[in-house]
Amino acid sequence: MATLDRRMLSHTDIGAAGRLPPLLIVHGLFGSARNWGAIAKRLSDDRRVVSVDMRNHGSSFRAESQSYPDMAGDLAEVIETLGAPMDVLGHSMGGKAAMQLALTHGELIDRLVVADIAPVAYGHSQSHLVRAMRGLDLRDLSARSEADRRLAAAVGDAGVRAFLLQSLDLKADTPVWRLNLDVLEREMDRITGWPGTEGRFEGPALFLAGALSDYVRPEHRERIKHLFPNAKFARIPGAGHWLHAERPREFEAALRTFLERPSGG
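Treat the numbers as computed from the prediction; the structure is a model and nothing was measured.

(A) Focus on the overall build of the chain. Each helix and strand in the chain was counted, giving 11 helices and nine strands. Here the C-alpha radius of gyration of the chain, 18 Å, is about what a compact globule of 265 residues would show, namely 18 Å. By principal-axis analysis of the C-alpha atoms, the chain measures approximately 60 × 45 × 40 Å. Counting the 265 residues in the chain, one finds 55% classified as buried. When contacts within the chain are restricted to residue pairs at least 6 apart in sequence, those whose partners lie at least 24 apart make up 76%. Counting only carbon and sulfur atoms, one obtains 51% of the accessible surface of the chain, whose full area is about 11800 Å². Of the side chains in the chain, 34 bear a positive and 34 a negative charge, and the two mean positions are spaced by 3 Å.

Printed below as a string of structure tokens:
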């Protein structure tokens, strides 16, 4: 059960009511709504698009739990407040939260897009990235280029560094991460895990993966189809786990194809 004192997630809201239902975008671990700004803007040409900061991320509230039931409860509150149902797009951790929502409050979702994640527990951990961020020397730091140079000692991948540094607030009096690193590290097993939620979401669902990623494997399909019997599968060539950042145009095209409604439908 989600905590009773939960506050609604911070969110950005662009576009206006149009031909298509509103779309809710849910980011992944260490992300924020701002990561999705360009895609959200382009998709708002014929619909309202809402992007949230998940709990313990960005400008949203800090909490002691990062469980999927709690995250799904946060999303349900957003949708109920803004007006249900909505199409929902979730990536990675956000994809698992969206799946949890679909399985427990399916009436709030029209069409579901899950980007590069499956309803299974994974054996990897991202705690090393928490340690890298916590270990970054923030003293006398004012330029993102210098932050990147310092972070490179612990994180070799330039793309991962660029992604993480989007959550570093350099405009604060003292630079600070827009992440609750203590809770995210403590809850990492829950984040990389899956609560084993049963149920079925009968609505249209698209599981969209990066062709270079191994997060959605052939052996996951049976489990996905059990929970989401109308699921469709697609892969984006040349993309890894961060498929929306690596191949944004192809990602957008796949979304539009799936989310489009027949004329008059």
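(B) Spotlight on the pattern of salt bridges. Per the counting criterion, the structure on display carries 24 salt bridges. Two residues, D87 and R261, come together in a salt bridge whose shortest N-O distance is 2.8 Å. Note that D87 is positioned in strand β4 (residues 86-91) and R261 in the segment after α11 (248-259), a separation of 174 residues in sequence. Side by side, D87 and R261 carry an identical accessibility label, which is buried. Between D169 and R178 there is a salt bridge, with the nearest N and O atoms lying 3.5 Å from each other. For the pair shown, D169 and R178 are each scored as buried.

(C) Inspection of helix α2 (residues 68-82) at higher detail. With 15 residues, α2 should reach 21 Å at 1.5 Å per residue; the first-to-last C-alpha distance of 21 Å fits that figure. Among the residues making up α2, those that are buried are Y68, D70, M71, A72, G73, D74, L75, A76, V78 and I79. Along its buried surface, α2 packs onto β2 (23-26), β3 (49-52), β4, α3 (93-104) and α8 (188-192). One side-chain oxygen at the N-terminal end of α2 lies 3.2 Å from the backbone nitrogen of D70; it belongs to S67. Looking one or two residues past α2, G83 carries a phi angle of roughly 120°, positive in sign.

(D) Here's a closer look at the environment of D53. Positionally, D53 belongs in the loop between β3 and α2. Classification of D53 as buried rests on a relative accessible area of 8%. The sequence separation of D53 and D13 amounts to 40 residues, and the corresponding C-alpha distance is 12 Å. Once residues lying within four places of it in the same chain are set aside, the contact partners of D53 are L9, S10, H27, S32, A33, G58, S59 and S60.

(E) Spatial organisation of the pairing of strand β9 (residues 231-236). Note: strand β8 (residues 205-210) against β9, six bridges, orientation parallel. The residue bridging L206 from the neighbouring strand is K232, located in β9. Following the chain from β8 across helix α9 (residues 221-227) to the adjacent parallel β9, one finds a crossover that is right-handed.

(F) How the structure looks around the side chain of R261. Residue classification places R261 among the buried positions, given a relative accessible area of 11%. Within the local environment of R261, its side chain forms a polar contact with the side chain of D87, the two groups lying 2.8 Å apart. Engagement of the side chain of R261 in a polar contact is seen with the side chain of D110, the distance being 3.0 Å. Aside from chain neighbours lying at most four places away, what touches R261 is R19, L20, P21, R47, D87, D110 and R111.

What counts and what doesn't
- Residues numbered from 1 in each chain as written.
- Predicted model: local features only at pLDDT ≥ 70, side-chain atom pairs only at ≥ 80, totals over all residues.
- Heavy atoms only, no water.
- Helix = DSSP H or I, 4+ residues; strand = E, 2+ residues; numbered from the N terminus.
- Rg over C-alpha atoms; globule rule 2.2 N^0.38 Å.
- Buried < 20%, exposed > 50% of the residue type's maximum accessible area, 1.4 Å probe, protein only.
- Contact = heavy atoms within 4.5 Å.
- Areas by Shrake-Rupley, 256 points an atom, 1.4 Å probe, with all protein chains shown as cover.
- Lys, Arg positive; Asp, Glu negative; His and termini not counted.
- Charge placed at Lys NZ, Arg CZ, Asp CG, Glu CD.
- Salt bridge = Lys/Arg side-chain N within 4 Å of Asp/Glu carboxyl O.
- Expected span 1.5 Å × (residues − 1).
- Polar contact = N/O pair within 3.5 Å; in protein donor to acceptor, adjacent residues only side chain to side chain.
- Pairing = 2+ DSSP bridges.
- Right-handed = clockwise from strand over helix to strand, strands pointing away.

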